[in-house]
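Residue-level listing of the chains:
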Amino acid sequence: MDGLGLRNWFETATMLDLLGVAGVLIYVGAYLCLQLGLLKGDGFAYPALNLTASLSVLASLTASFNPYSVAIETSWSLISIVGLTRLYFVHHHIRLTPDEAAVANRLLPGVKKDRVRQFIRLGRFVDAVPGEIVASEGHPVRDLAVVLAGACHVDRGGVPVARLGPGALVGEMTFATGAPATANVIVAEPSRLFLVERGVLSTHLARNPDLGATIEQSVAVDLRVKLAETTARLSRSIAGGQQ
């Protein structure tokens, strides 16, 4: 269609024709925003835009019926409604326990509650007693652990290194590789832990790479905090030794 034909089309187009064009533009715009990261596929906006687009195109087809196009747009509308219904259910009917919410905030910030619940089912919550070993220096780390309450102390070769409180991760440096633990981590007081076995976690993250990226960011934050604490502790030790 040349420029003159396009102008003639707009001059003779009905409201239903324009509605169809708007629907196509919404389809393309929503998909472009998804690819650019401006929209999330598991958020409300994307299925809502797709539903708006499909209903707009469906309305335009009432003026020029095409059974194949109607079938496609009807299917798209129904799928979008299913997606919106699922999101509503996730937001309003899935309730995380305090322990589950703590794990979600620490490892999976921003992840939808149904996926958090699926992840948590891979692991287990335990009440650990003082003296219980969470990681043993020189031995493979079996579980990635999150300290939810209580505390653990860390030593290397019998020398105290650090104390881990609520929110700390254990085994985060070696859980991906299966390398031996670089220190002993022992429960210092009655503690609540979340543990997920390394092999199970690796399999799940291989199937859900977006969760893997989120956990890697959480691990990076934990490592930065531990590095800052270690640096501060060494600085205090050096300063004390010079006095």
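Residues numbered from 1 in each chain as written. Predicted model: local features only at pLDDT ≥ 70, side-chain atom pairs only at ≥ 80, totals over all residues. Heavy atoms only, no water.

Q: Help me understand the nonpolar core, please; the structure alone is not making it clear to me.
A: For soluble globular proteins, the rule of thumb is that nonpolar side chains tend to be buried together. Of all hydrophobic cores here, the largest spans 19 residues; its most connected members are Val103, Leu107, Leu108, Phe119, Phe194, Leu201 and Ile215. The set of elements that each furnish at least two residues to this core consists of helix H5 (98-107), helix H6 (113-120), strand E3 (143-156), strand E6 (184-197), helix H7 (198-207) and helix H8 (209-242). Within the second largest apolar cluster, 17 residues are counted, among which are Leu164, Ala183, Leu193 and Leu195. (Core = buried A, V, L, I, M, F, W, Y, C linked by side-chain atoms within 4.5 Å. Buried < 20%, exposed > 50% of the residue type's maximum accessible area, 1.4 Å probe, protein only. Helix = DSSP H or I, 4+ residues; strand = E, 2+ residues; numbered from the N terminus.)

Q: Please clarify how helix H3 (residues 45-61) should be interpreted in this entry.
A: Since there are 3.6 residues in each turn of an α-helix, residues three or four apart along the chain are aligned in direction. Compared with the 24 Å implied by 1.5 Å per residue over 17 residues, the 24 Å span of H3 between its first and last C-alpha is a close match. Listing the buried residues of H3 in full gives Tyr46, Pro47, Asn50, Leu51, Ala53, Ser54, Ser56, Val57, Leu58, Ser60 and Leu61. Where the residues of H3 are buried, they touch helix H2 (15-35) and helix H4 (67-93). (Expected span 1.5 Å × (residues − 1). Contact = heavy atoms within 4.5 Å.)

Q: Even after reading the chapter, I still don't get the environment of Ala213, so can you show me in this structure?
A: Tracing the chain through its elements places Ala213 in helix H8. Considered as a pair, Ala213 and Leu108 are 105 residues apart in the sequence and their alpha carbons are 9.6 Å apart.

Q: So what exactly am I meant to see when it comes to the side chain of Ser218 here?
A: Secondary-structure assignment places Ser218 in helix H8. Leave out the neighbours within four places in its chain, and Ser218 touches Arg106, Leu107, Leu108, Pro109 and Leu169.

Q: I tried to follow a nonpolar patch on the surface on my own but got confused; where do I start?
A: A contiguous nonpolar surface patch, about 340 Å² in accessible area, is contributed by Leu32, Leu36 and Leu38. Inspection of the secondary structure assignment puts Leu36 in the loop between H2 and H3. (Patch = residues over 30% accessible without salt bridge, like charges linked within 9 Å, V, L, I, M, F, W, Y side chains within 5 Å. Areas by Shrake-Rupley, 256 points an atom, 1.4 Å probe, with all protein chains shown as cover. Salt bridge = Lys/Arg side-chain N within 4 Å of Asp/Glu carboxyl O.)

Q: How should the environment of Lys112 be read in this particular structure?
A: Secondary-structure assignment places Lys112 in the loop between H5 and H6. Taking the relative accessible area as the measure of exposure, Lys112 reaches 15% and is therefore buried. Along the chain, Lys112 and His91 lie 21 residues apart, while their C-alpha atoms are 8.2 Å from each other. Every residue in contact with Lys112, bar those within four places of it in the chain, is listed here: Asp42, Gly43, Leu87, Val90 and His91.

Q: Would you mind going over the pairing of E3 with me for this structure?
A: The two faces of a sheet get side chains in turn, since along a regular strand they alternate between them. Of all 14 residues that make up E3, 11 are buried, and the element is covered over most of its length. Direction of pairing for E3 relative to E6: antiparallel, over a ladder of 11 bridges. Looking at the pairing, Val146 lines up with Phe194 of E6. Pairing between E3 and strand E5 (residues 169-170): two bridges, direction antiparallel. Counted as the bridge partner of Ala145 is Val170 from E5. (Pairing = 2+ DSSP bridges.)

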